[in-house]
Amino acid sequence: MTMALQALFAAIHHAHTKQALHQRVIPQCGKYFSATRQGLFFFDQLPLAEPKLKAVVKRALSIEHNPVVRYIVERHAPVHETLVTSPKVWQIICPRPDHWHVMAGPVVHQGQLIGAVGFTREQSMPGFDAQDLADLSAICLHLSTWVATVKGKGGAAKRDCLTPRELEIAELVASGLTNAAIGRELWITENSVKQALKRMFRKLDVSSRAELVSQIYT
């Protein structure tokens, strides 16, 4: 078990982007905890554009509604549902059968709670215990360290993950050129520019040209 935990620490360290954490590391953590579902959430990237989804997320993350969230916000420490409420009350708060048992922990940067990692188990599975909390505490420490390291490296590290051609496109985007103008400048098609930007968005875990420029040059 210790070796498996060390492997998770190494996987976090070697992740270059938030996308890598989401797609590769967190699923590994889910297997480690025998979780039904797992997720990593950064509060500045929650999908709040859709009104219906916004309402659901707002309620789920409400400290008045969710005692698990309240515990993390107040203490910046991992918690599972039985530490903060009774099984009967938890069923009322979260009636989903695949969220019968819930464990979550904080991601912290410069003393501020900036995200959380969570795991759930079905009703037929055992609940999370003290050892699970201890292991999650260690994982949260490494996730928080990862955030501090990535933010400390700044745009230079993010530019390292782009190809020379992608860096050329990024410079032209920063200059305010349209996709068509970038294509003419680099002697490639407008569609090639669009496809390159999609790849760059995925690498940098951004969703707009402004975010892309900000991530690379600030």
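Residues numbered from 1 in each chain as written. Predicted model: local features only at pLDDT ≥ 70, side-chain atom pairs only at ≥ 80, totals over all residues. Heavy atoms only, no water.

Undergrad: So what exactly am I meant to see when it comes to the overall build of the protein here?
TA: Within the protein one finds twelve helices and four strands. By the burial criterion, 40% of the 218 residues in the protein qualify as buried. Residue pairs at least 24 apart in sequence account for 59% of intrachain contacts in the protein once pairs closer than 6 positions are excluded. (Helix = DSSP H or I, 4+ residues; strand = E, 2+ residues; numbered from the N terminus. Buried < 20%, exposed > 50% of the residue type's maximum accessible area, 1.4 Å probe, protein only. Contact = heavy atoms within 4.5 Å.)

Undergrad: Just checking my understanding: could you explain the nonpolar core for this structure?
TA: One broad trend across soluble globular proteins is that nonpolar side chains are buried collectively. Residues Phe119 and Ile139 are the most contacted members of the largest nonpolar core, which totals 28 residues. Put simply, the parts of the chain that give this core at least two residues each are α1 (2–14), α2 (18–32), β1 (37–42), β3 (101–109), β4 (112–121) and α7 (130–153). No other element matches α7, which puts seven residues into this core. Not counting chain neighbours up to four residues away, the residues in contact with Phe119 comprise Ile26, Cys29, Gly30, Phe33, Ala35, Arg37, Gln38, His101, Val102, Met103, Phe128 and Leu136. (Core = buried A, V, L, I, M, F, W, Y, C linked by side-chain atoms within 4.5 Å.)

Undergrad: Just checking my understanding: could you explain the sheet that holds strand β2 (residues 79–80) for this structure?
TA: Adjacent strands of a sheet form backbone hydrogen bonds with each other and so pair up, either parallel or antiparallel. Pairing in this open sheet of four strands is antiparallel, and the strands run β1-β4-β3-β2 from one edge to the other. The open sheet has two edge strands, β1 and β2, and neither has a second partner. Summarising the sheet, β1 and β4 pair through six bridges and their orientation is antiparallel. Directly across from Arg37, in β4, lies its bridge partner Thr120. Relative to β1, α2 is tilted by about 145°, and along the sheet it contacts β1 and β4. Across the sheet, helix α4 (residues 67–75) is in contact with β2, β3 and β4; its angle to β3 comes to roughly 25°. (Pairing = 2+ DSSP bridges. Axes fitted to C-alpha atoms, helices over the stretch in contact; angles between N-to-C directions.)

Undergrad: In this structure, what is going on with the pairing of β4? I would like to understand it.
TA: For a regular strand, side chains alternate in direction, first toward one face of the sheet and then toward the other. In terms of residue burial, β4 counts as a mostly covered element, since eight of its ten residues are buried. Between β3 and β4, which pair antiparallel in sequence order, lie two residues; one of them, Gln110, sits at a positive phi of approximately 50°.

Undergrad: Quick question: what am I supposed to make of helix α10 (residues 179–186) here?
TA: Helical geometry note: an α-helix holds 3.6 residues per turn, so side chains three or four residues apart project in the same direction. What α10 keeps buried is the set Asn179, Ala181, Ile182, Gly183 and Leu186. Looking one or two places after α10, you find Trp187, whose phi comes out positive at around 60°.

Undergrad: Which parts of the structure should I look at to understand the packing of aromatic side chains?
TA: One pair of aromatic rings is described through two measures. These are the centre distance and the angle between the planes. Inspection of the entire model under this criterion finds two aromatic pairs. Ring geometry for Tyr32 versus Phe33: centroids 5.1 Å apart, planes at 85°, classification edge-to-face. In this pair, the class of Tyr32 matches that of Phe33, namely buried. Judged by its relative accessible area of 0%, Phe33 falls in the buried class. The rings of Tyr32, Phe33 and Phe119 are connected pair by pair, giving a single aromatic cluster. (Phe/Tyr/Trp six-rings, centres within 6.5 Å; stacked < 30°, edge-to-face > 60°.)

Undergrad: So what exactly am I meant to see when it comes to the packing of α10 against helix α11 (residues 190–204) here?
TA: Two quantities define a packed helix pair, namely the angle between the axes and the distance from one axis to the other. At their nearest, the axes of α10 and α11 sit 8 Å apart, and the two run at 110° to each other. Considering their axes alone, α10 and α11 lie roughly perpendicular with respect to each other. In this structure, α10 contributes Asn179, Ala180, Ile182 and Gly183 to the contact, and α11 contributes Glu190, Val193, Lys194 and Leu197. Here the contact of α10 with α11 is built from residues that sort into four nonpolar, two polar and two charged. (Parallel < 35°, antiparallel > 145°, perpendicular 65-115°, else oblique. Nonpolar A, V, L, I, M, F, W, Y, C, P; charged D, E, K, R; others polar.)

Undergrad: Mind showing me how you'd approach the side chain of Thr120 here?
TA: Assignment of secondary structure puts Thr120 in strand β4. Assessed through its relative accessible area of 7%, Thr120 is described here as buried. Engagement of the side chain of Thr120 in a polar contact is seen with the backbone oxygen of Asp98, the distance being 2.9 Å. Non-local contacts of Thr120, meaning those with residues more than four positions away in its chain, are made with Ala35, Thr36, Arg37, Asp98, His99, His101, Val102 and Phe128. (Polar contact = N/O pair within 3.5 Å; in protein donor to acceptor, adjacent residues only side chain to side chain.)

Undergrad: Explanation requested: the side chain of Arg121 in the structure shown.
TA: Within the secondary structure, Arg121 is located in strand β4. Taking relative accessible area as the criterion, Arg121 reaches 7% and is therefore assigned buried. Within polar-contact distance, the side chain of Arg121 engages the backbone oxygen of Phe33 at 2.6 Å.

Undergrad: What am I meant to see in the packing of helix α9 (residues 164–174) against α11 here?
TA: Direction vectors running N to C along α9 and α11 enclose 95°, while the axes themselves pass 10 Å from each other. Relative to α11, α9 is oriented roughly perpendicular. Of the residues in α11, those in contact with Glu166, Ile169, Ala170 and Val173 of α9 are Val193, Ala196, Leu197, Arg199, Met200 and Lys203.

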